[in-house]
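Residues per chain, in single letters:
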Amino acid sequence: MKSGLSVNITPSSIQLKRRSKWTKLIPYLFIAPWIIGFVVFTLGPLLFSFVISFFDWPIVGERKFIGFSNYITMFTDDPLFWHSLWVTVKFALFFVPLNIILALLLAILLNQKVKGSSLFRTFFYVPSVISGVALAMIWGTVFDGDYGILNYLLSLIGIEGPNWLNSTSWALVAMVIASLWGQGTMMLIFLAGLKNIPQDLYEAAEIDGAGKIFQFFKITVPLLSPTILFNLIMTIIGAFQQLTLALVLTGGGPLQSTYFYAMYVYENAFKYFKMGYSSANAWIMFLIVLALTLLVFKSSSMWVYYENEVKNEK
């Protein structure tokens with residue numbers, strides 16, 4: 001009888017073990033496409049670019065190991081490196097704060113309970129899904145010095161607009177204005193953060209006599225600070241990756257006043273066919289962005305409010 005019981009129980013237990021093993025594999029099967037894509041199209045090229053940054057690697061021709069020569073040349077014998085980096089830093093100094101402020105103001109406006117707010121959300125988000133080249137072509141007509149829409153509107157109030165894209169003083173400003181247009185995603189992230197702020201806090205503040213400005217700086221900004229941190233980091237990364245608008249609208253001109261660092265990397269790779277040198281350029285940009293991101297994270301302890309951490313301390 002015992003042997004009969006063992007014969008009946010053992011196969012079922014083996015089947016259960018097999019099923020449990022397959023059950024554990026199912027989640028990995030679902031994420032396998034992403035993992036494969038990440039390894040093949042992101043991690044693999046990333047590591048490969050690091051390797052070839054130590055080579056004189058033309059697209060066509062013999063590859064030669066040169067060690068750190070690409071990095072030494074970049075810092076000591078290439079004025080375009082410093083120029084493009086400075087242009088990008090100037091762009092970021094204007095673009096990053098303006099982008100954060102404008103996206104936050106739009107999110108606050110769209111958070112109001114008024115009719116048609118969902119329609120306005122769609123209107124503000126649409127520019128984010130437009131192709132970068134198409135967006136650049138649109139702004140090309142807006143900034144045209146002779147027939148541009150922007151100069152026409154300025155002329156209605158008695159202001160003579162500049163030749164935006166052909167002026168060394170205004171071309172970078174035009175890049176900032178055009179870049180501010182496609183911020184629908186950031187606006188929606190801010191809007192989601194505003195929706196998560198308890199309304200009881202605003203009601204209590206109103207009962208205590210607090211005005212709207214006080215509520216904004218003492219309730220909205222502190223509770224929205226984690227979202228601001230995320231958008232700030234993403235905006236910094238986007239500023240250092242700016243390429244399409246300048247490439248289509250100005251080609252880096254006039255007089256290289258819009259020659260962004262990303263364009264510098266792009267031209268070294270696909271115009272001058274110096275793949276090793278371009279990879280070294282890209283890795284320096286990666287390190288700069290990484291350093292800025294870590295700096296923002298380090299400073300976040302002074303201005304980012306995490307409600308859960310405060311509760312745990314109590």
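Residues numbered from 1 in each chain as written. Predicted model: local features only at pLDDT ≥ 70, side-chain atom pairs only at ≥ 80, totals over all residues. Heavy atoms only, no water.

**Quick look at the overall build of the protein**
Heads up, the condition is: Per the convention used, a helix needs a DSSP run of H or I reaching at least four residues, while a strand needs a run of E reaching at least two, with both numbered from the N terminus. Throughout, radius of gyration means the C-alpha value; the globule benchmark is 2.2 Å times the number of residues raised to the power 0.38. The classification of residues rests on relative accessible area computed with a 1.4 Å probe and restricted to protein chains. Under 20% of the type maximum is buried, over 50% is exposed, and intermediate values are partly exposed. By definition, residues are in contact when any of their heavy atoms lie within 4.5 Å.
When helices and strands are counted, the protein shows 14 helices and two strands. Over its C-alpha trace the protein gives a radius of gyration of 27 Å, far above what one expects of a compact globule, namely 20 Å for 314 residues. Seen through its C-alpha atoms, the protein measures out along the principal axes to roughly 105 × 75 × 40 Å. Within the protein, the fraction of its 314 residues that count as buried is 35%. Long-range contacts, defined as pairs at least 24 residues apart, comprise 67% of the intrachain contacts of the protein with a sequence gap of at least 6.

**A word on the pattern of salt bridges**
Keep this limit in mind: Salt bridge, as applied in this entry: a Lys or Arg side-chain nitrogen positioned within 4 Å of an Asp or Glu carboxyl oxygen.
Applying the stated criterion across every chain yields a total of one salt bridge. One salt bridge in this structure joins Glu206 and Lys212, with 3.4 Å as the shortest N-O distance. Classification of Glu206 as partly exposed rests on a relative accessible area of 44%.

**A few points about the packing of aromatic side chains**
Put simply, the rule reads: The criterion for an aromatic pair is that two Phe, Tyr or Trp rings (for Trp, the six-membered ring) have centres within 6.5 Å, with stacked assigned to planes under 30 degrees apart, edge-to-face to planes over 60 apart and tilted to the rest.
Across all of its chains, the model carries 24 aromatic pairs by this definition. When the centroid spacing of 5.7 Å and the interplanar angle of 80 degrees are considered together, the rings of Trp139 and Trp181 count as edge-to-face. Taken together, the residues span a long stretch of sequence, with Trp139 in helix 5 (residues 132-142) and Trp181 in the loop between helix 7 (171-180) and helix 8 (184-195) at a distance of 42 residues. Judged by relative accessible area, Trp139 falls into the buried class, the value being 10%. Residue classification places Trp181 among the partly exposed positions, given a relative accessible area of 46%.

In short, the description is geometric, and any link to function would need to be established separately.
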